[in-house]
Amino acid sequence: MRITIVGAGVMGQALATGLQSADQEFDLRFLTRTAESAVAVQAETSIPSSAEIGPSMADSEVVVLCLKPHKTLAALEALAPHLHSNTVVVSIAAGLHLGQLASALSESQPLVRAMPNTPCRVGSGMTVICGSEQTDDQAVSKVKTVFDVFGQVIELEEEHFDAVTGLSASGPAFIFLVIEALSDGGVMAGLPRDVAVKLATQATLGAATMVQHTGEHPASLRDAVTTPAGCTISALLRMEDGKLRSVLARGVQEAAESAARLGD
Ligand SMILES: NC(=O)c1ccc[n+]([C@@H]2O[C@H](COP(=O)([O-])OP(=O)(O)OC[C@H]3O[C@@H](n4cnc5c(N)ncnc54)[C@H](OP(=O)(O)O)[C@@H]3O)[C@@H](O)[C@H]2O)c1
């Protein structure tokens, strides 16, 4: 599958790295903003890169826009006249609706919105996708094939995308903070920093894997490790005093509300 990634920034390069190491062979190229960055990106990634729109769009089956939200529409307008009618356009920009994106394209252009997250870089990503009304199942499943390489993919209605951005795309940053804070606790209790980070990371990974494998509600798994009058319940009550649960939940809500404003 020939894929052009527009924008070789953090997400563009993360997606390219994952696709390069996939079992399935993808024919990748970058479209960059300037000729200078095309030279630098090609030297760094060995992926053919160019700042010329016409040749970059030729024969592309999928074009993935990895640009900041405020730059995406202008870039799409510049690309639109060069797109083949079957090319599937994918935008990963937070806050930009399918309707806004479609307005820059011809009416029948296949268009998919995708929201990946940074663990895509290590094959443990989560991507949510949604096709526009004019996009058929075949085009959506082509995009699913691309993002399958990075971890899990689900299809959701577009009305959920701001919530998805707040929880799934911003979520890894929240978990990094949690791992850091748990490690601090381990250091305070006397562990060397590297050991504390290792234990906090594995506890996070193990707990997440248990939720996935058992399908049980996290509260019931938490109950199962909470011995009466034990150390876990004493710590949990301290965390509830600090409103940990509501702070995390409100953080996700805040991120979702911020995401909704990005497309304005
Ligand atoms: N970070 C995440 O976890 C995450 C998760 C899901 C979705 N997203 C979305 O991913 C998108 C990209 O984010 P990012 O962090 O990768 O941004 P970034 O690092 O700033 O990368 C954007 C790249 O686009 C290039 N660019 C700008 N205009 C261009 C044009 N007209 N043609 C070709 N390239 C152009 C920029 O080059 P110059 O520097 O030369 O302008 C830059 O290299 C955002 O819309 C964000 O909402 C991010």
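Up top is the structure these notes are about.
Throughout what follows, the structure given in this document is the object of discussion. Predicted model, so just to flag it, every value in this text is computed and none were measured. (Residues numbered from 1 in each chain as written. Predicted model: local features only at pLDDT ≥ 70, side-chain atom pairs only at ≥ 80, totals over all residues. Heavy atoms only, no water.)

1. Let's talk about the pairing of strand S4 (residues 62–65)
Of the two faces of S4, the one holding Val-62 and Val-64 and the one holding Val-63 and Leu-65 are both buried throughout. Bridging between strand S1 (residues 2–6) and S4 involves four bridges; their strand directions are parallel. Residue pairing across strands places Ile-3 opposite Val-62, the latter belonging to S4. Of the crossover connections in this fold, the one passing from S4 over helix H4 (residues 69–79) to the parallel strand S5 (residues 88–91) is right-handed. (Buried < 20%, exposed > 50% of the residue type's maximum accessible area, 1.4 Å probe, protein only. Helix = DSSP H or I, 4+ residues; strand = E, 2+ residues; numbered from the N terminus. Pairing = 2+ DSSP bridges. Right-handed = clockwise from strand over helix to strand, strands pointing away.)

2. A look at a nonpolar patch on the surface
A grouping of Leu-182, Met-239, Leu-244 and Leu-248 is seen on the molecular surface, where their side chains present a nonpolar patch of about 320 Å² in accessible area. Residue placement: Leu-182 occurs in helix H8 (residues 171–188). (Patch = residues over 30% accessible without salt bridge, like charges linked within 9 Å, V, L, I, M, F, W, Y side chains within 5 Å. Areas by Shrake-Rupley, 256 points an atom, 1.4 Å probe, with all protein chains shown as cover. Salt bridge = Lys/Arg side-chain N within 4 Å of Asp/Glu carboxyl O.)

3. Quick notes on a negative patch on the surface
A surface patch of negative charge is lined by Asp-136, Asp-137, Glu-155, Glu-157 and Glu-159. Of note, Glu-159 is situated in the loop between strand S8 (151–155) and helix H7 (161–169). The class for Glu-159 is exposed, based on a relative accessible area of 68%. (Lys, Arg positive; Asp, Glu negative; His and termini not counted. Charge placed at Lys NZ, Arg CZ, Asp CG, Glu CD.)

4. What to know about the packing of aromatic side chains
Taken as a whole and assessed by the stated rule, the structure comprises one aromatic pair. When the centroid spacing of 5.7 Å and the interplanar angle of 65° are considered together, the rings of Phe-147 and Phe-150 count as edge-to-face. (Phe/Tyr/Trp six-rings, centres within 6.5 Å; stacked < 30°, edge-to-face > 60°.)

5. Some points on the environment of Ile-179
In this structure, Ile-179 sits in helix H8. Separated by 133 residues in the primary sequence, Ile-179 and Ser-46 have C-alpha atoms spaced 34 Å apart. Residues in contact with Ile-179, not counting those within four places in the same chain, are Ala-200, Thr-201 and Thr-204. (Contact = heavy atoms within 4.5 Å.)

6. Some remarks on the pairing of strand S7 (residues 125–131)
Counting buried positions along S7 yields five of seven residues, so the element is predominantly enclosed. For strand S6 (residues 111–115) and S7, the ladder comprises four bridges, and the chain directions are antiparallel. In the strand pairing of S7, Val-112 is matched with Gly-131. Pairing between S7 and S8: five bridges, direction parallel. Paired with Ile-129 across the two strands is Glu-155, which belongs to S8. Taking the sense of rotation as the criterion, the β-α-β connection linking S7, helix H6 (residues 137–148) and S8 turns out right-handed.

7. Describing the site of the ligand
Lining the immediate environment of the ligand, one finds 22 residues, of which Val-10, Met-11, Arg-33, Leu-67 and Ala-94 sit closest. The protein chains hide 75% of the 920 Å² of surface that the ligand would expose on its own. Going through the elements one at a time, helix H1 (10–20) and H4 are the ones with two or more residues in the shell around the ligand. The element that contributes the greatest number of residues to the shell around the ligand is H4, accounting for three residues. Across the shell around the ligand, the residue classes tally to 15 nonpolar, four polar and three charged. (Near = heavy atom within 4 Å. Nonpolar A, V, L, I, M, F, W, Y, C, P; charged D, E, K, R; others polar.)

8. Details of the pattern of salt bridges
Any two side chains of opposite charge can pair if their charged atoms end up close together. In this structure the tally under the stated criterion is seven salt bridges. We note a salt bridge from Arg-113 to Glu-158, for which the minimum N-O separation is 2.8 Å. Of this pair, Arg-113 sits in strand S6 while Glu-158 sits in the loop between S8 and H7; the two residues are 45 residues apart in sequence, bridging distant segments of the chain. Classification of Glu-158 as partly exposed rests on a relative accessible area of 23%. One salt bridge connects Arg-193 with Asp-184, and the closest N-O pair in it is separated by 2.8 Å. Shared partners join several salt bridges into a network, and the residues in it are Arg-2, Asp-27 and Asp-59.

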